[in-house]
2 protein chains.
Amino acid sequence: MQKQQTLSRNQKIIFDLIDKSPEPMKAYSILFNVQKKGIKAPLQVYRALDKLVEIGKIHKIESRNAFIACQNSSCQISKATAFSICESCENVSEISNTKLSKYLSNFADSSGMKYSKYNLEFFGLCKKCKSK
Amino acid sequence: MQKQQTLSRNQKIIFDLIDKSPEPMKAYSILFNVQKKGIKAPLQVYRALDKLVEIGKIHKIESRNAFIACQNSSCQISKATAFSICESCENVSEISNTKLSKYLSNFADSSGMKYSKYNLEFFGLCKKCKSK
DNA sequence: AACACTATGTAATAATATAACATTTACATG
DNA sequence: CATGTAAATGTTATATTATTACATAGTGTT
Ligand SMILES: [Zn+2]
Ligand SMILES: [Zn+2]
Ligand SMILES: [Zn+2]
Ligand SMILES: [Zn+2]
């Protein structure tokens with residue numbers, strides 16, 4: 001079980017938009033889409049995004065500067081994220097694989113560093129694009 | 001063995017700068033540092049960076065928008081990168097771990113996607129920062 | 001020389017993100 | 001209910017990161 005978060009007005013508007021989107025959304029595209037709802041400035045968007053990322057409702061796809069709703073029933077593990085990205089159609093989906101997340105969460109190397117978080121992005125061609 | 005690449009003038013200037021830097025460098029900081037050598041415009045920097053990334057001499061740290069020289073004797077595997085990032089001092093180093101890279105290169109899930117590349121970023125506290 | 005290819009130079013602009021400051025709302029606690 | 005405090009909001013300006021468009025120059029091959 002995870003702590004239930006109540007989203008504020010702006011956070012809810014922006015989360016709903018991202019959650020409905022079939023693809024990752026960029027900040028300024030979000031801004032454009034919520035202007036009719038009274039959210040007028042980049043900072044309002046970025047603040048909501050920061051919060052949503054923090055509580056694991058969305059994730060940032062770093063290589064794309066874009067945001068996607070968590071596909072993992074709101075990641076307990078917003079600190080352990082993995083995505084698969086099609087380099088042709090730019091489809092992105094969150095990988096939910098227990099073995100992988102265990103392997104990476106337990107990873108330790110010789111550096112003496114204690115890892116508390118990771119983000120993994122896989123790139124390739126999705127089924128559809130492969131068969132073209 | 002890998003194909004030996006000859007770097008062009010701008011590419012060499014920019015690679016040398018990044019290679020000497022103890023920390024990842026950002027594009028505009030690179031620009032600032034090479035202006036005395038005649039590289040005056042962002043595009044000149046970005047073009048060199050693109051090429052250097054392509055041939056595996058440097059890597060981009062996506063979560064930081066910064067560039068680091070390959071610490072792996074010029075990655076044969078510029079398609080399989082892993083980094084450890086200290087969230088306190090921002091020290092970044094490239095992880096070279098055969099088991100990890102094998103595990104990830106062979107990773108396959110149920111999506112039917114063929115992965116040809118990955119990038120992994122671990123976050124935490126380095127030895128030094130941990131003991132503070 | 002003619003060609004293809006890679007790299008360079010320059011100006012303008014697009015896209016992404018944050019700083020600074022003022023105000024308002026939610027809500028715990030005396 | 002009053003008061004304090006943390007979280008969220010609103011607004012303007014600005015910083016940072018990256019690309020478009022177009023012109024020119026070098027490099028190597030035939
Ligand atoms: Zn998730
Ligand atoms: Zn695809
Ligand atoms: Zn490398
Ligand atoms: Zn550190």
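Scroll up for the structure.
Each residue is numbered by its place in its chain's sequence as written, counting from 1. Labels are handed out in written order, letters beginning with A for the chains and numbers beginning with 1 for the ligands. Where local features are concerned, this predicted model is filtered to residues with pLDDT of at least 70; where side-chain atom pairs are given and counted, the filter is 80 or more; whole-chain, interface and lining totals use all residues. Side-chain metrics rest on all non-hydrogen atoms present in the structure, leaving aside hydrogens and water.

### Looking at the relation of the copies chain B and chain A
Least-squares superposition of the copies uses the C-alpha atoms of those residues scoring a pLDDT of at least 70 in each of them. The two copies are related by a screw operation: chain B maps onto chain A through 180° of rotation and 0.0 Å of translation along the axis, at an RMSD of 0.0 Å. In the structure described here, the two chain copies are related by an operation that fits a two-fold rotation axis. For chain B, the residue whose C-alpha comes nearest the rotation axis is L120 of chain B, separated from it by 2.2 Å. Mapped onto chain A, 100% of the interface residues of chain B again fall at the interface, so both copies present the same surface. We call two residues contacting when some pair of their heavy atoms lies within 4.5 Å.

### Focus on the protein's contact with DNA strand D
Any residue with a non-hydrogen atom lying within 4 Å of a molecule or strand is treated as near it. Around DNA strand D sit 16 residues, and of these Q44 and R47 of chain A together with K26, Y28 and K60 of chain B come closest. Within the side chain of K26 of chain B, a nitrogen or oxygen atom sits 2.5 Å from a phosphate oxygen of DNA strand D. By the criterion applied in these results, polar contacts are pairs of N or O atoms within 3.5 Å in which, for protein atoms, one can donate a hydrogen and the other can accept it, and in which residues neighboring in sequence qualify only through two side-chain atoms. The separation between a base nitrogen of DNA strand D and a polar side-chain atom of Y28 of chain B is 2.7 Å. Among the elements that take part in the surface near DNA strand D, helix α3 (residues 42–54) of chain A stands out by supplying four residues, more than any other. When residue character is reported, Ala, Val, Leu, Ile, Met, Phe, Trp, Tyr, Cys and Pro are called nonpolar, Asp, Glu, Lys and Arg charged, and the others, Gly included, polar. Tallied by class, the residues present in the surface near DNA strand D amount to five nonpolar, five polar and six charged. Helix and strand definitions follow DSSP, with helices as H or I runs of at least four residues and strands as E runs of at least two, each counted in order from the N terminus.

### What to know about the pairing of strand β3 (residues 80–86) of chain A
All names here are of chain A. In terms of burial, β3 is largely enclosed, as seven of its seven residues are buried. Here the term buried applies to any residue with accessible area under 20% of the maximum for its type, exposed to any over 50%, and partly exposed to those in between, with areas from a 1.4 Å probe on protein chains only. Neither face of β3 is exposed, since A80, A82, S84 and C86 on one face and T81, F83 and I85 on the opposite face are all buried. Strands are treated as partners if at least two bridges between them are detected by DSSP. Note: β3 against strand β5 (residues 114–125), seven bridges, orientation parallel. For C86, the partnering residue across the bridge sits in β5 and is G124. Alignment of β3 against strand β4 (residues 92–94), held across three bridges, turns out to be antiparallel. Bridge assignment links S84 to a residue of β4, and that residue is S93.

### As for the pattern of salt bridges
Residues and elements named next belong to chain A. The working definition used for a salt bridge is a side-chain nitrogen of Lys or Arg within 4 Å of a carboxyl oxygen of Asp or Glu. Enumeration according to the criterion identifies six salt bridges over all chains in this entry. For the salt bridge of K12 with D16, the shortest nitrogen-to-oxygen distance reads 2.8 Å. Pair noted here: K12 and D16 are both in helix α1 (residues 9–20), with a separation of four residues, about one helical turn.

### Observations concerning the interface of chain B and chain A
Contact with chain B, which involves 32 residues of that partner, is made by 32 residues of chain A. Defined in terms of a 1.4 Å probe, buried area is the accessible area two parts forfeit on being brought together, summed over both. Surface buried jointly by chain B and chain A totals about 2,800 Å² across both partners, of which 61% is contributed by carbon and sulfur atoms. Where chain B touches chain A, the interface holds two salt bridges. Among the salt bridges present, the one from K117 of chain B reaches E87 of chain A, with a minimum N-O distance of 3.4 Å. Linking chain B to chain A there are 12 residue pairs in polar contact (both at pLDDT 80 or more). When contributions to the side of chain B that touches chain A are tallied by element, the ones reaching two or more residues are β3 (80–86), α4 (98–105), β5 (114–125) and α5 (127–130) of chain B. For the side of chain B that touches chain A, the element with the highest residue contribution is β5 of chain B, accounting for 12 residues. Counted by class, the side of chain B that touches chain A contains 15 nonpolar, eight polar and nine charged residues. For β5 of chain A and β5 of chain B, the ladder comprises 11 bridges, and the chain directions are antiparallel. Looking at the pairing, L125 of chain A lines up with K114 of chain B of β5 of chain B.

### Points about the protein's contact with DNA strand C
Of all residues adjacent to DNA strand C, which total 16 residues, the nearest are K26, Y28 and K60 of chain A together with Q44 and R47 of chain B. Of all DNA strand C atoms lying within 4 Å of any protein atom, the proportion belonging to sugar or phosphate reaches 46%. In this structure, Y46 of chain A approaches DNA strand C through a side-chain N or O atom, which is 3.0 Å from a phosphate oxygen. Put simply, the parts of the chain that give the surface near DNA strand C at least two residues each are α3 of chain A together with α1 (9–20) and α3 (42–54) of chain B. Top element by residues in the surface near DNA strand C is α3 of chain B. It accounts for four residues. Residue composition of the surface near DNA strand C, by class: five nonpolar, five polar and six charged.

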